[in-house]
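Listed below, chain by chain, are the residues.
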Amino acid sequence: MGVEGKQVSTRSETSPEVIVVGGGVIGTAIAYAFARRGISCLVLEQGIIGQGTSEASAGIVSPPSTSAIPAERLELARRSFQAYPWLVAAVQEDSGLDVGYRQWGELLIAKTEEQAASLRELAAWQASTGFESEWVDEKTARELEPLLPEGILGALLADEGGSLVVQRLVRALALAAAERGARVVERAPVTGFEVEGERVSAVRTPQGSFAAGQVVLAAGAWTGHLAGQLGRPLPTLPVKGQMALISGGTTVLRHVVGTADGDGYLAPRTDGTVWAGSTKERGVWDTRVTPAGIAHCLRLVEQLGPGLLGGELVSTGAGLRPGTPDDEPIVGPLPGYRNVWIAAGHYRTGVQLAPATADLVVQGILSGEPDPLLAPFSPHRFDQAP
Ligand SMILES: Cc1cc2nc3c(=O)[nH]c(=O)nc-3n(C[C@H](O)[C@H](O)[C@H](O)COP(=O)(O)OP(=O)(O)OC[C@H]3O[C@@H](n4cnc5c(N)ncnc54)[C@H](O)[C@@H]3O)c2cc1C
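Below you will find a few notes about this structure. As the structure is a computational prediction, the values presented were derived from the model and not from experiment.

Scoring rules and cut-offs
- Residues numbered from 1 in each chain as written.
- Predicted model: local features only at pLDDT ≥ 70, side-chain atom pairs only at ≥ 80, totals over all residues.
- Helix = DSSP H or I, 4+ residues; strand = E, 2+ residues; numbered from the N terminus.
- Expected span 1.5 Å × (residues − 1).
- Contact = placed C-beta atoms within 7 Å.
- Core = buried A, V, L, I, M, F, W, Y, C linked by C-beta atoms within 7 Å.
- Buried ≥ 20, exposed ≤ 12 C-beta atoms within 10 Å, placed from the backbone.
- Axes fitted to C-alpha atoms, helices over the stretch in contact; angles between N-to-C directions.
- Parallel < 35°, antiparallel > 145°, perpendicular 65-115°, else oblique.
- Left-handed = near helix turned anticlockwise from the far one by under 90°.
- Nonpolar A, V, L, I, M, F, W, Y, C, P; charged D, E, K, R; others polar.
- Near = placed C-beta within 6 Å.
- Domains from an automatic or database assignment.
- Pairing = 2+ DSSP bridges.

**Let's talk about helix H3 (residues 71–95)**
Here comes step 1: Between its first and last C-alpha, H3 extends 34 Å over 25 residues, near the 36 Å set by a 1.5 Å rise per residue.
Here comes step 2: In this fold, the buried residues of H3 make contact with helix H1 (25–36), strand E3 (60–61), helix H6 (166–179) and helix H9 (350–367).

**Re the nonpolar core**
If you look at soluble globular proteins, the nonpolar side chains tend to sit buried side by side.
Here comes step 1: Val21, Ile30, Ala31, Cys41, Ala177, Val216 and Leu217 are the most contacted members of the largest nonpolar core, which has 123 residues in total.
Here comes step 2: Top contributing element to this core by residue count: H6, with ten residues.
Here comes step 3: When near neighbours in sequence (up to four residues on either side) are disregarded, Ala177 contacts Thr28, Ala31, Tyr32, Ala35, Cys41, Ala182 and Val184.

**A look at the packing of H1 against H6**
Here comes step 1: One way to put it is that H1 packs onto H6 with a least axis distance of 8 Å and a crossing angle of 30 degrees. Of the possible angle classes, the one that applies to H1 and H6 is roughly parallel. Seen along the crossing, H1 lies across H6 with a hand that is left-handed. Residues Val25, Thr28, Ala29, Ala31, Tyr32 and Ala35 of H1 form the contact with H6, whose participating residues are Val166, Leu169, Val170, Leu173, Ala174, Ala176 and Ala177.
Here comes step 2: Counted by class, the contact of H1 with H6 contains twelve nonpolar, one polar and no charged residues.

**Thoughts on the packing of H3 against H9**
Here comes step 1: Their axes nearest at 7 Å, the elements H3 and H9 cross at an angle of 90 degrees. Classified by the angle their axes make, H3 and H9 are roughly perpendicular. Of the residues in H9, those touching H3 at Leu76, Ala77, Arg79, Ser80, Ala83, Tyr84 and Leu87 are Gln352, Leu353, Ala354, Pro355, Ala356 and Thr357.
Here comes step 2: Taken together, the residues of the contact of H3 with H9 sort by class into nine nonpolar, three polar and one charged.

**Considerations on the site of the ligand**
Here comes step 1: The immediate surroundings of the ligand are formed by 41 residues, with Gly22, Gly24, Gly220, Gly241 and Gly350 found nearest.
Here comes step 2: The set of elements that each furnish at least two residues to the shell around the ligand consists of H1, helix H2 (53–56), strand E13 (237–247), strand E18 (312–323) and H9.
Here comes step 3: Residue composition of the shell around the ligand, grouped by class: 18 nonpolar, 20 polar and three charged.
Here comes step 4: Residue contributions to the shell around the ligand reach at least three from each of two domains, namely domain 1 (13–61 + 166–235 + 326–382) and domain 3 (237–323).

**Let's talk about the pairing of strand E12 (residues 214–217)**
Here comes step 1: Here E12 shows two buried faces, one formed by Gln214 and Val216 and the other by Val215 and Leu217.
Here comes step 2: Where strand E1 (residues 18–21) and E12 come together, four bridges link them in parallel fashion. Opposite Val20, over in E12, you have Val216 as the bridge partner.
Here comes step 3: Relative to strand E20 (residues 340–344), E12 runs parallel, the two being bridged by three bridges. Across the sheet, Leu217 pairs through a bridge with Ile342, a residue of E20.

Structure below.
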């Protein structure tokens, strides 16, 4: 089981203070943040840690690719971006796993005057909000990244943008949390809850019931359904993304390269492979890989790094991004309950926002008050009008 033969420890604890439902990047980041503070924590994952959405994810950690986001999300992105270097170092040390994080630099390329104008604006906005970002002309962009296609006008260069292997990060976070005393149970789907007044007293799985002090529902696209079992359904929905992993052989990509709208990407990995994708299929629950999906990914390779087309198609995959109706995360206490928090709905930015989300969830639960930064992401915004 697991990455490089490492086992997730299952140290025995009878009554953890916090139960985290879902072992994706959000749930494991929260578990690690609790464990680092010495707080006992149990992660219940219905499948295997690091599979599912994590396996398909590109793992790009870069500045926001649009200025059309709430100031609070920008702040979450900035805090997470700053946290990644130390978080990676800490989690690698605690787990002994390399998560493949590298700040390659990110290039978003312009092929039309309109795209060039909007990328110049985006670079100026990113720079004004504290990220290292600038517009570079075609010659400079090509010197930096010889694999760029012909006919570009220039590119936005975000020097500190990078990527990591999400499957490894999630395994490493779980192992690191376990190393610090958390318990991680795989193949433990949460099937129901025991409720006493305004509190969840236990969480039920086929492996037994687990007494709970606090509960965090971090079950990605499935979170809304679990909240529904508590009588408070939330509108999380899957947004399927298909991807291809390619190897260019001796042709090596040196930067994360994206389209001007930030919709399509090539992301290099430290093992020499390149992640290419992705589709955005809203409301689709299945994770089958389709010829049309892979054709879309390969068209992106043609648009962004055509020299890689002569390489090898190493593997394909699909994952379910946790979407929401307004494309914003849902993070905060579940209305009607005194000990249940939601941490879900991060859609395309779960990796980018995981460190700050985890910190704010832990702080909110420990202080009993959600940080004002979480106001736009409150589950309350989906309350039904009476
Ligand atoms: C193709 C693709 C590319 C992406 N690229 C990027 C990127 O470059 N950068 C970025 O920041 N984000 C990216 N994302 C998005 C990012 O991967 C997600 O936002 C993130 O993985 C969501 O993490 P999560 O922990 O909320 O959900 P998930 O990773 O889905 O984890 C939820 C977990 O809960 C478990 N679960 C569900 N129900 C139950 C239950 N009843 N009991 C127990 N466990 C349960 C599931 O098995 C799952 O493991 C990408 C996603 C895809 C699909």
